[in-house]
Protein chains: 6
Amino acid sequence: MRQAATRDLENVDVAILGVPFDSATSYRSGTRFGPRKIREVSAMLWGSNQALRVAPLEHVRVIDYGDVDVVPVDIHATFERITHDVKTIHAAGATVITLGGDHSITLPLLRAHHARFGKIAVVHFDSHGDMWEYDFEGFRFSHGTTFRRAVQENLLDTDAYLQIGIRGSTSDFDDYARATQLGARIITIRDAMKMGTENIVETIHQTTGKRPVYVSFDIDSVDPAYAPGTGTPEVGGFTSFQALEMVRGLNGLTLVGFDIVEVNPSFDHSDITSLLAANLAFEFLSLLALKKQNRK
Amino acid sequence: MRQAATRDLENVDVAILGVPFDSATSYRSGTRFGPRKIREVSAMLWGSNQALRVAPLEHVRVIDYGDVDVVPVDIHATFERITHDVKTIHAAGATVITLGGDHSITLPLLRAHHARFGKIAVVHFDSHGDMWEYDFEGFRFSHGTTFRRAVQENLLDTDAYLQIGIRGSTSDFDDYARATQLGARIITIRDAMKMGTENIVETIHQTTGKRPVYVSFDIDSVDPAYAPGTGTPEVGGFTSFQALEMVRGLNGLTLVGFDIVEVNPSFDHSDITSLLAANLAFEFLSLLALKKQNRK
Amino acid sequence: MRQAATRDLENVDVAILGVPFDSATSYRSGTRFGPRKIREVSAMLWGSNQALRVAPLEHVRVIDYGDVDVVPVDIHATFERITHDVKTIHAAGATVITLGGDHSITLPLLRAHHARFGKIAVVHFDSHGDMWEYDFEGFRFSHGTTFRRAVQENLLDTDAYLQIGIRGSTSDFDDYARATQLGARIITIRDAMKMGTENIVETIHQTTGKRPVYVSFDIDSVDPAYAPGTGTPEVGGFTSFQALEMVRGLNGLTLVGFDIVEVNPSFDHSDITSLLAANLAFEFLSLLALKKQNRK
Amino acid sequence: MRQAATRDLENVDVAILGVPFDSATSYRSGTRFGPRKIREVSAMLWGSNQALRVAPLEHVRVIDYGDVDVVPVDIHATFERITHDVKTIHAAGATVITLGGDHSITLPLLRAHHARFGKIAVVHFDSHGDMWEYDFEGFRFSHGTTFRRAVQENLLDTDAYLQIGIRGSTSDFDDYARATQLGARIITIRDAMKMGTENIVETIHQTTGKRPVYVSFDIDSVDPAYAPGTGTPEVGGFTSFQALEMVRGLNGLTLVGFDIVEVNPSFDHSDITSLLAANLAFEFLSLLALKKQNRK
Amino acid sequence: MRQAATRDLENVDVAILGVPFDSATSYRSGTRFGPRKIREVSAMLWGSNQALRVAPLEHVRVIDYGDVDVVPVDIHATFERITHDVKTIHAAGATVITLGGDHSITLPLLRAHHARFGKIAVVHFDSHGDMWEYDFEGFRFSHGTTFRRAVQENLLDTDAYLQIGIRGSTSDFDDYARATQLGARIITIRDAMKMGTENIVETIHQTTGKRPVYVSFDIDSVDPAYAPGTGTPEVGGFTSFQALEMVRGLNGLTLVGFDIVEVNPSFDHSDITSLLAANLAFEFLSLLALKKQNRK
Amino acid sequence: MRQAATRDLENVDVAILGVPFDSATSYRSGTRFGPRKIREVSAMLWGSNQALRVAPLEHVRVIDYGDVDVVPVDIHATFERITHDVKTIHAAGATVITLGGDHSITLPLLRAHHARFGKIAVVHFDSHGDMWEYDFEGFRFSHGTTFRRAVQENLLDTDAYLQIGIRGSTSDFDDYARATQLGARIITIRDAMKMGTENIVETIHQTTGKRPVYVSFDIDSVDPAYAPGTGTPEVGGFTSFQALEMVRGLNGLTLVGFDIVEVNPSFDHSDITSLLAANLAFEFLSLLALKKQNRK
């Protein structure tokens, strides 16, 4: 399903945007090659989604917008360019599906979506809450501070901000409590395993209701057995089947944006992480197609 | 449990046959080394199957028949040689366990089994239905057309043809419908995950009854976390435990043949895919031993 | 959470001990680098355990005691040095968490723990029972004979010796029966998958009661999808989530020692096996912290 | 230097053509991904060649013509499509640089070049002569029979056919003698190492003179330390520096075509083989630019 | 030869300093793990250098100063911290051996050395001149602009600035000419291969004379066959033997500092790149020992 | 050229013997899989040696004797079994080519050869002299003490004991001096690179004369670029071409035995180390064939 990149936004419904930026990574760098590899393995995908019963390209016009012209040495310039590109796409009336890159990029993505949609509900799949005050002491931006910044910048509708799959040791004993105070509703992996994907999906629907919903999918929410190609793997996570089912379960929500981040091909094998990422993006694309199909 | 290859079929109950052929592969080639690697790691297997409570070599005489003398540049010659070798083994009264190779090789395997057993029930574990009209436009044989060809050649008993584990995007919206029209009963991975392995096993027994049953196991039915070493991995699949349980559950059927295909060592790591394949073949061998033991 | 190694045992509650020994391995050697790699990836762990709700270092004083000075060419000298180091640590009143190394090292570990605690209950996670009479004919010590030796040396309380996760083919048809006669209570992987981790945990508690409990965790009890980095992988095993849950479930027992063995970094990828091992050790450390916290 | 593929041949001087075909491989398949990977790593190349002092794109207009639509199961159809594409490019007046694929593809390439240029001199870098009568008994086409077929089809000017880098064991004691009888001038690796690259280059110039020269570069002529990513590696070969110097040394010849074959990314690491291949193609492209520059 | 890191500089002659920074990388990130891995494999080194006939630790007191506390998201802060740490070490009278990290870090290293030694001669081993005006348009600092910045900041004695091993395509036709105008004396790889290491060494001595000499060793000056673990490999480079001989050949110069950069363990295999880097650092350490020994 | 193992020594000229023992390794274990892998890749070798102009199997009858039944936990038992197997082969009049295993195994090999041939000249290719008093303090046998033990046991003719390729740091400043005192003539890698392979070969011939010559080839004498798959790689070594030329240069000597050791497939890539080892063994086999051919 690969196609050459273009910046022609005329009549476009969905633009795929790459953000090959990994300078805000605390441990293993390398997610800069996430967009390239996800695109490459997307050659293994076909046009019809049997699980959701839709052939997305028959309903939405999709382009590969190419990559944001990131600056590895300057996170501020990079953030501005991300916001600029998303706003350009939004101005043309299209929805953005972003391929990361480390999770820091979700902050400018949220800024741009907030500019268009106002405060947004966020469904955030991750093993880490990414709500640190600082990752590198005294520096406000990193892949571990994204969602605290987003809350502080009033980008999120904190009545409808879900973190799903959270687990692992934390630097602070009160990490979860503070995240909750900031407005996050945390479904830990232990909660999630007990609930099952159907109940998680139900909870997402109840929480977000008719709000505009942005979905941020950190691939390390999935277990490293299924997604070894990531920078800060956290054992004890979702299976790929569970991940797919949860994204499919978002059908019916007012979906306004999606990112899949933290895919690090340097630590992958047999491309299985990139392939999962490509499939998750394809599921989201299919949801957009269903949404448009239903509107008609 | 490795032994030197031999073509001496006297008093043989089961012959292991390698088919190192990968020229009909649409994406990543390399399954030609499947047979060699599966044999190598079979050194890690011992003689007693505790799950099925049988020490197979005490009941059946097994040989390694070696590899079919395949011709990478000629699929027709290769198919004839496969059929020839299987018929030779059948003529000696032995059952064949085949180590692939890409899935195209199952067509000549089915031809040979049909020649001996007539129309056969098929239990087909796979993430793909392999029922395309063409994989490479205008060319009838590939690893993606095997079962359409088999149906067209009247080799299968289409009242008892099960596809188990089917998933992933398809090239055609009506892919499943057409497969069903051709006679396949599809248990998608979503069906399978809901049913559980016990119910799948029950369905297999009900569907195949007392028919002669051929089992074709494409390793990509298993999730790439458990079986990364394959050519067209499809995320969201079975665990290795589920795969083993389903094969064990075939106990009691009139089993007449087995293949394990699409093991691609070039994309494996730590030999886990080959090891799973070797174990699946061992489970099937154990079933043959139980069958013989019970006949006495 | 890494720190420089020290032999200063004053006021120490827990000592981490590496045993880089792999000369008793029957198949793939390389576990000698287990301790080094587990320590390296432990840099990815933070201080607070959210699942068990404890920040262990606030309750127990932990040191890295460094590695036993093993002798690859002499298993007897190695065993003596292991026992010596553990006894030294015990003499200082500290508990030992051992990072292996192949499973042969558990025999001297059990000897040292027996010397301090008398006959001990053992919770043994493994895919193999390691109760062979001989691994290499005529030689009594190897990673496959550990627990038979331990029983023969009267180190275990055989009323409370559990093997959990046992699976795979065996060299002998009566393998399990003999293990049971020797006093092992076997929960095979098929039992385990049916029971679920909660029932397994319940069984452990009922069996061990108030006895002193030693926990030996062979990483190959976990499925090779989650723990490829091991010497004799056995397909069809636990998920990492299940492994973590079972160790957490030991909370409340009279825990006296722990080892995590058979981590072989040469066959790992993306460090996921070492990372799981580091997390399992962290869970056990957290249990020790809870135990001490509760005593107060 | 990557660009999107196009079939627009207007005013084109050089067309890059991929041939992702590996079904004629005798040992390790996987060269089908050679063209994709070489293109990917060509992103690491810049526009100015300092060794040859030319910025090729300032002198020649280059396009990426994309891949031949190969048929893995049919070598004859594949050969026809290769010949067809090359003839189409030739008809537009452009020179072809081909990225393989296994070495069988050089036969149709030579056919097409012969059709345009008549009998051609060939400079053939390889560790193997590829002059077998049969690779797979009774089948005429494979990556081991290419140059015997080419001689038999009278495509080559056997007064100017050089094999450079030949080494390794052979199936037949008279292998070299027969190749010589067929018209090949063999510079074995031992000859080559004694001569040094300058003398090899001198010999090439003396032998080919003003004839039209086709260059076929099998990456396995280079030592596997420098080019591990290939199907039938042969130890004791050229360094990458020597390979580059020899191609640069072709400057001044009447160069009419080039292929770089047998790059197998599945067995590469750190992309070093593909990177060498991309550089070799870039050197050849630079030679074409110099040729055109000098004509003006 | 590993030892625990310390910041105690009393009586220290040489401090090993890690700079795990890779945010100024243009292609493959990952050099942040260079320092850790080089230290790890330094366990394979022993105390006596037979080539230079010196046991360095008998003559110089060496400490591992640990890593600079880099900030991946802020190159300016990182540069300041590098300069600060080096100045601290210098203030204690010790020489710094730096383990990178990408090549951007050499700029602050040169600043600090300039602060102590004034304009310094530089022997710069590299495949790239790193003298771009911009790597990322409009941003002055990256691993491709280091030496232009250094010249512009008047840190170097441009009468004695050598670049050795330069090769590969360049973005600009006049790249070399401009570097020469800025004061670099370029010994391209083609020059180098003709000269041989002895003549290169002779040239270095003649050029630098009695000036204070800083040595910056980019591991990509070595061929990727010998040093695959790097971010922008360039084929056709030095062998490891040549690299060692050139560093040994610096004996007798007024050596004031050394860095080994661009070691990227994510793309290494069998640790051979890190091992070469550790050996090169050991050779330099040995030179410092000889210098001190000779002073006595 | 692979064949099934046999112990039938009738009319055998040469027996290939595997010794899968790696318990005497000081750093990276894993050479136990050397014999298996070398045999596997020997499938890539053909029957005619063009460099030495001989088709060995036409002159000598060769068998694969299989592996010594080593005991990983007992080096003494292993040594006895090695000696026993070699003596058995010698008793049948055949020459042994041994595939290791770590270098400790050469001691029992030398004992057995000494028993048959008396004091033997030894040509020892290695980066390390393996002449330590102890590798593991107080334990006499390891892969680092082999040749000191051999000298102490009077197995070698110390007038004709050459070490070729020695390099790297040493634990002791007088390492080389002591080796020389023990009778070793050391050609360091620096000597070797200056001499060139022809002069090395000349020196070997002059030194050994008509004595019976045993050749022990540690693969780490070759540079890790060419032979990464080894336990203690040492940078700055021979190329594969040089290695092959030196072995070929032994033609004419009274060759009585050969081993190729320290091949560690766990750290290899693309099988290039094993392939080099297989080729080196093939060159030696060819020398034996030439010797027999010349006798006639």
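Just so it is clear, the model here is predicted, and its values are computed rather than measured.

1. Concerning the overall build of chain A
What chain A contains, in helices and strands, is eight helices and eight strands. Relative to its length of 296 residues, chain A is compact, with a C-alpha radius of gyration of 17 Å against a globular reference of 19 Å. Along the longest, intermediate and shortest principal axes, the C-alpha atoms of chain A span 50 × 45 × 40 Å. For chain A, with 296 residues in total, the buried portion stands at 66%. Intrachain contacts of chain A at a sequence separation of at least 6 include 79% that bridge at least 24 residues.

2. Regarding the relation of the copies chain B and chain A
When chain B is fitted to chain A, the residual RMSD is 0.0 Å, and the transformation amounts to a turn of 120° plus an axial shift of 0.0 Å. Here the symmetry operator amounts to a three-fold rotation axis. Taking the C-alpha atom as reference, chain B places Ala-225 of chain B closest to the rotation axis, 3.1 Å from it. Comparing contact sets, just 10% of the residues at the interface of chain B also lie at the interface in chain A, consistent with a heterologous contact between different surfaces.

3. A closer look at the arrangement of the chains
Where chain B comes nearest to chain E, the C-alpha atoms are still 15 Å apart, and the two do not contact one another. Over all C-alpha pairs, chain A and chain F never come within contact, reaching a minimum spacing of 15 Å.

4. So, the pairing of strand β5 (residues 156–166) of chain D
Residue and element names in this part refer to chain D. With respect to burial, β5 is a largely interior element, nine of its 11 residues being buried. Where strand β4 (residues 120–125) lies against β5, five bridges are found, and the strand directions are parallel. Counted as the bridge partner of His-124 is Gln-163 from β5. Viewed along the sheet, the connection from β4 through helix α4 (residues 146–152) into β5 turns out right-handed. Looking at chain direction, β5 and strand β6 (residues 184–188) are connected through five bridges and run parallel. Counted as the bridge partner of Leu-162 is Arg-185 from β6.

5. Details of helix α1 (residues 34–41) of chain B
Residues and elements named next belong to chain B. For α1, the buried fraction is high: six of the eight residues fall into the buried class. For α1, the set of buried residues is Gly-34, Pro-35, Lys-37, Ile-38, Arg-39 and Val-41. Of the surrounding elements, those touching the buried residues of α1 are β1 (14–19), β2 (62–67), β3 (95–100) and α8 (272–295).

6. Regarding unusual backbone geometry
Residues and elements named next belong to chain E. With an omega of 5°, the peptide bond running from Gly-100 to Gly-101 counts as cis. Take Gly-101: it is sitting in the loop between β3 (95–100) and α3 (106–117). In the Ramachandran plot, Asp-130 falls in the positive-phi region, its phi being about 55° despite a non-glycine side chain.

7. Description of the sheet that holds β1 of chain B
Residues and elements named next belong to chain B. Judged by pairing direction, the sheet is parallel, and its eight strands sit side by side in the order β2-β1-β3-β8-β7-β4-β5-β6 without closing on themselves. With one partner strand each, in any of the chains shown, β2 and β6 (184–188) form the two edges of the open sheet. Ignoring strand direction, the axes of neighbouring strands in this sheet form an average angle of 15°. On top of the sheet, α1 reaches β1, β2 and β3; it is set at about 110° to β3, its chief contact.

8. Section: the interface of chain B and chain A
The interface of chain B with chain A comprises 21 residues on the first partner and 21 residues on the second. Those elements giving two or more residues to the side of chain B that touches chain A turn out to be α5 (175–181) and α6 (189–208) of chain B. Within the side of chain B that touches chain A, the residues separate by chemical class into 10 nonpolar, seven polar and four charged.

9. Here we look at the environment of His-103 of chain B
Residues and elements named next belong to chain B. Its location among the elements puts His-103 in the loop between β3 and α3 (106–117). Under the C-beta neighbour-count criterion, His-103 is labelled buried, with 29 such atoms within 10 Å. Expressed as a C-alpha distance, the spacing of His-103 and Asp-259, which sit 156 residues apart in the sequence, is 9.2 Å. Setting aside anything within four residues of it in sequence, one finds His-103 in contact with Asp-130, His-143, Thr-146, Asp-218, Val-261 and Glu-262.

10. Regarding the packing of helix α7 (residues 240–248) of chain F against helix α8 (residues 272–295) of chain F
Residue and element names in this part refer to chain F. For the pair α7 and α8, the least separation of the axes is 9 Å and the interaxial angle reads 20°. Here α7 lies roughly parallel to α8, going by the angle between them. For α7 against α8, the interelement crossing comes out right-handed. In this structure, α7 contributes Ser-240, Ala-243, Leu-244, Val-247 and Arg-248 to the contact, and α8 contributes Leu-276, Asn-279, Leu-280, Glu-283 and Phe-284. For the contact of α7 with α8, the residue count by class is six nonpolar, two polar and two charged.

11. Side note on the confidence of the model for chain A
On average, residues of chain A score 96 in pLDDT, and 99% of them reach the 70 mark or higher. Under the prediction, the complex receives an ipTM of 0.97, its pTM being 0.98.

12. Concerning the sheet that holds strand β4 (residues 120–125) of chain F
Residues and elements named next belong to chain F. With parallel pairing, eight strands are arranged side by side in an open sheet as β2-β1-β3-β8-β7-β4-β5-β6. A single partner strand is all that each edge strand has here, and the edge strands are β2 (62–67) and β6 (184–188). The average angle at which neighbouring strand axes cross in this sheet is 15°, direction not considered. Its contacts with the sheet place helix α3 (residues 106–117) against β3 (95–100), β4, β7 (212–218) and β8 (254–261), and it is angled at close to 170° to β8. Lying over the sheet, α8 contacts β1 (14–19), β2, β3, β7 and β8, oriented at roughly 170° with respect to β8.

13. Some details on the packing of helix α6 (residues 189–208) of chain E against helix α7 (residues 240–248) of chain E
Residues and elements named next belong to chain E. Interaxial distance between α6 and α7 falls to 9 Å at its minimum, and their mutual angle equals 25°. The angle between α6 and α7 falls in the class roughly parallel. Crossing geometry of α6 relative to α7 is assigned as right-handed. For the pair α6 and α7, the contacting residues are Thr-197, Ile-200 and Val-201 in the first and Gln-242, Glu-245 and Met-246 in the second. For the contact of α6 with α7, the per-class residue count stands at three nonpolar, two polar and one charged.

14. Some words on helix α3 (residues 106–117) of chain A
Residues and elements named next belong to chain A. Compared with the 16 Å implied by 1.5 Å per residue over 12 residues, the 15 Å span of α3 between its first and last C-alpha is a close match. Among the residues of α3, those classed as buried are Thr-106, Leu-107, Pro-108, Leu-109, Leu-110, Ala-112 and His-113. Tucked into the core, α3 has its buried residues touching α2 (75–91), β3 (95–100), β4 (120–125), α4 (146–152), β7 (212–218) and β8 (254–261). The first or second residue beyond α3 is Gly-118, which carries a positive phi of 75°.

15. Things to note about the pairing of strand β7 (residues 212–218) of chain D
All names here are of chain D. Taking burial as the measure, the seven residues of β7 include seven buried ones, the bulk of the element. Of the two faces of β7, the one carrying Pro-212, Tyr-214, Ser-216 and Asp-218 and the one carrying Val-213, Val-215 and Phe-217 are both buried. Two strands pair when backbone bridges link them, and β4 and β7 are joined in this way by five bridges, in the parallel orientation. Within β7, the residue paired with Val-122 across the bridge is Tyr-214. In terms of handedness, the path from β7 via helix α7 (residues 240–248) over to strand β8 (residues 254–261) forms a crossover that is right-handed.

16. Observations concerning the environment of His-269 of chain D
The topology assignment puts His-269 of chain D in the loop between β8 and α8 (272–295). Along the primary structure His-269 of chain D and Gly-229 of chain D are separated by 40 residues, whereas in three dimensions their C-alpha atoms are 7.2 Å apart. Filtering out sequence-adjacent residues up to four positions away, His-269 of chain D remains in contact with Pro-228 of chain D, Pro-228 and His-269 of chain E together with His-269 of chain F.

Analysis parameters
The written sequence of each chain sets the order in which its residues are numbered from 1. Whichever chain is written first becomes A and whichever ligand is written first becomes 1, with later ones labelled in order. Totals for whole chains, interfaces and linings use all residues, but because this is a predicted model, local features are given only for residues with pLDDT of at least 70 and pairs of side-chain atoms are given and counted only at 80 or more. Helix numbers and strand numbers start at the N terminus; a helix is a DSSP run of H or I with at least 4 residues, a strand a run of E with at least 2. To get the radius of gyration, use the C-alpha atoms; to get the globule rule, take the number of residues to the power 0.38 and multiply by 2.2 Å. Between the buried cut of 20 or more and the exposed cut of 12 or fewer other C-beta atoms within 10 Å of a residue's own C-beta lies the partly exposed class, and all C-beta atoms are placed from the backbone. Note that contacts rest on C-beta atoms placed from the backbone: two residues are in contact if these are within 7 Å. When the copies are superposed, the least-squares fit takes in the C-alpha atoms of residues with a pLDDT of at least 70 in both. A pair of strands is treated as paired once DSSP finds two or more bridges between them. Whether a crossover is right-handed comes down to one check: with the strands pointing away from the viewer, does the path from the first strand over the helix to the second run clockwise; if it does, it is right-handed. Orientation is described by lines fitted to C-alpha atoms, with helices fitted over the stretch in contact, and by angles between N-to-C directions that extend from 0 to 180 degrees. Ten residue types, Ala, Val, Leu, Ile, Met, Phe, Trp, Tyr, Cys and Pro, are classed as nonpolar, four, Asp, Glu, Lys and Arg, as charged, and the remainder, Gly among them, as polar. With respect to orientation, any angle under 35 degrees is reported as roughly parallel, any angle over 145 as roughly antiparallel, any angle of 65 to 115 as roughly perpendicular, and every other angle as oblique. In a left-handed crossing the near helix is turned counterclockwise from the far helix by less than a right angle, and in a right-handed crossing that turn is clockwise. Known as pLDDT, the predictor's per-residue confidence is scaled from 0 to 100. One fewer than the residue count of a helix, multiplied by 1.5 Å, yields its expected span.

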